[in-house]
Amino acid sequence: MLSFLKKLIGRDKKVYEKQKTLLITGTPEERQKIAEDAGTHPEALYYLAKDTDPNVRRAVAVNKSTPVQASALLANDKSTDVRLALAARLVELLPGLSEEKHSQLYAYAVQALGVLAQDEVIKIRSALASALKDHAKAPPKVVGRLARDVEREVSEPILRFCVALSDEDLLEILADHPDSWAISAVAARPKVSAPVSDAVVNTGDVPAGKVLIRNPGAVFTDELLHKIIDRARDYPDWHEDIAVRRELSLDLARKLAGFVSQKVLDVLEKRDDFDPATRAEIVEIVKRRIDFNRPGGEAETSESKIERYVKAGNLTPGIITDALAWQDHKFVLLALAHLSKIHPIVVEKMLGSGSAKPIIALCWKAKQPMRVALELQRSYARLQPKDFMYAKGGTDYPMEPGEIKWQLEFYGVDLS
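Report follows, based on the coordinates. The structure displayed is predicted, hence computed values, not measured ones.

About the criteria used
Residues numbered from 1 in each chain as written. Predicted model: local features only at pLDDT ≥ 70, side-chain atom pairs only at ≥ 80, totals over all residues. Heavy atoms only, no water. Core = buried A, V, L, I, M, F, W, Y, C linked by side-chain atoms within 4.5 Å. Buried < 20%, exposed > 50% of the residue type's maximum accessible area, 1.4 Å probe, protein only. Helix = DSSP H or I, 4+ residues; strand = E, 2+ residues; numbered from the N terminus. Contact = heavy atoms within 4.5 Å. Arc of directions from axis to C-beta. Polar contact = N/O pair within 3.5 Å; in protein donor to acceptor, adjacent residues only side chain to side chain. Salt bridge = Lys/Arg side-chain N within 4 Å of Asp/Glu carboxyl O. Axes fitted to C-alpha atoms, helices over the stretch in contact; angles between N-to-C directions. Parallel < 35°, antiparallel > 145°, perpendicular 65-115°, else oblique. Nonpolar A, V, L, I, M, F, W, Y, C, P; charged D, E, K, R; others polar.

With respect to the nonpolar core
Item 1. Grouped together as the largest cluster of nonpolar side chains are 89 residues, with contacts concentrated most on L132 and L159.
Item 2. Looking at this core, the element that brings in the most residues is helix α8 (residues 80-93), giving seven residues.
Item 3. Residues within four places of L159 in sequence aside, it is in contact with A147, L165, L170, I173, W181, A182, A185, V186 and R189.
Item 4. The next biggest cluster of nonpolar side chains, apart from the first, holds 40 residues, and it includes L315, V372, M389 and L408.

A word on helix α13 (residues 167-175)
What sets the pattern is the α-helix's 3.6 residues per turn: residues three or four places apart point alike.
Item 1. Among the residues of α13, D169, L170, I173 and L174 are the ones counted as buried. Summarising the axial view, the buried residues of α13 lie within an arc of 130°, below the 170-degree limit, and thus occupy one face. The outward face of α13, more than 90 degrees from its buried face, is lined by the exposed residues E168 and A175.
Item 2. Buried residues belonging to α13 abut α11 (140-147), α12 (152-161), α14 (180-187) and α15 (194-202).
Item 3. Just downstream of α13, H177 is the residue with a positive phi angle, here 55°.

Side note on the side chain of D241
Item 1. Tracing the backbone through its elements, the reader meets D241 in helix α18 (residues 239-243).
Item 2. In this structure the side chain of D241 is engaged in a polar contact, spanning 2.6 Å, whose partner is the side chain of K210.
Item 3. Among residues more than four places away in sequence, those in contact with D241 are K210, I213 and R214.

Topic: the pattern of salt bridges
Item 1. Scanning all chains against the criterion turns up 23 salt bridges.
Item 2. Across the pair D230 and R382 runs a salt bridge, and its minimum N-O distance is 3.4 Å. Here R382 lies in the loop between α27 (370-380) and α28 (401-410) and D230 lies in helix α17 (residues 222-232), a separation of 152 residues in the sequence.
Item 3. Several salt bridges converge on common partners, so that one network encompasses K210, R214, D237 and D241.

Thoughts on the packing of helix α4 (residues 28-36) against helix α6 (residues 54-62)
Between two packed helices, what matters for the description is the angle formed by their axes and the separation of those axes.
Item 1. Orientation of α4 relative to α6, taken along the N-to-C sense of each, is 5°, at an axis distance of 8 Å. Our classification of the angle between α4 and α6 gives roughly parallel. For the pair α4 and α6, the contacting residues are P28, R31, Q32, A35 and E36 in the first and N55, V56, A59 and V60 in the second.
Item 2. Partitioned by chemical class, the residues of the contact of α4 with α6 number five nonpolar, two polar and two charged.

Comments concerning unusual backbone geometry
Item 1. Phi is positive for K367, which is not a glycine, with a value near 60°.
Item 2. For K367, the location among the structural elements is in the loop between α26 (356-365) and α27.
Item 3. Positioned with a positive phi, R382 is a non-glycine residue whose angle comes to about 55°.

If you want it as structure tokens, here you go:
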């Protein structure tokens, strides 16, 4: 202690001569007054960080002149009030403690925040989370720890708002099967990347799915929207929110129109961000989908429905995609068998092969466009996106004639 005082006094005798006696023999009130003074030398404040009186130590924690190095002591202080005060001050300091300009000071601050993030008192962890949730420069390791806290009042603000929380952390948290409220918090973030959006949907949490779909800041890929629409059949509460997503393409609108209510169909028809041609096609799709699901008689079978469409000369690619939208797989199978002149048993084998190539060969033989082949891969065969074969140049078949012929011959199709 004496060596510390000699060093302290030697640096600035005028300042410390007045304070040295009080640092050792002063009353708690006198020491607190020194601790509260912004003009007190940093070394004196560091010394007072170990004071026996908690009020003195709290005053040190909030004093703007207290060196960041004292945070290591104060973060482990036995007083909850001292630790709370330190947390508030460190969060206030963070924006100015960039890693480039003040790397050592930043390291001290992060170390202390890391200790506070594991504090046994929930009140402290909660206060820290509440303070850090709006800080873009919050230390990633600290917010990552808070995001994994078992207490909702600690982790939810970070999961919901903190932009410093990385996608890697979010994906790891979602993979760990968190509670529904945690998934919804992630789904409601101001910005949700495509991988995180996909992970939210993959949890299978229905309320969180709705939160995500309603979130304009969530990024959806085409494949994710297809996945959402597939699952939405069982969740009518999702339908209207999907219908107004800006990413909804004509292809996706076709798919959605197959099973939603008239109210949602009205929403689709009235979207003014579609061009006139697209709106006209959606109106036609809506009408056709309704007609497709309206049976020709009480006992109409898939076979008789096929016969009705063939007789009317209306067994078109649009009708096949309508049937896929309604998940009428038997109709699809029989329609492709009729159009390709391939036996239904063989068609079923080709569609169930687990490969895109037989499906494409089948569609080529049935004179269907590649968009039908793609939807068959997705909706009928349930292939993984990585296994899809897409149109070449947007509309052309991706396989050469010789390869298509080989696929058809492999399944015993007579090409003569």
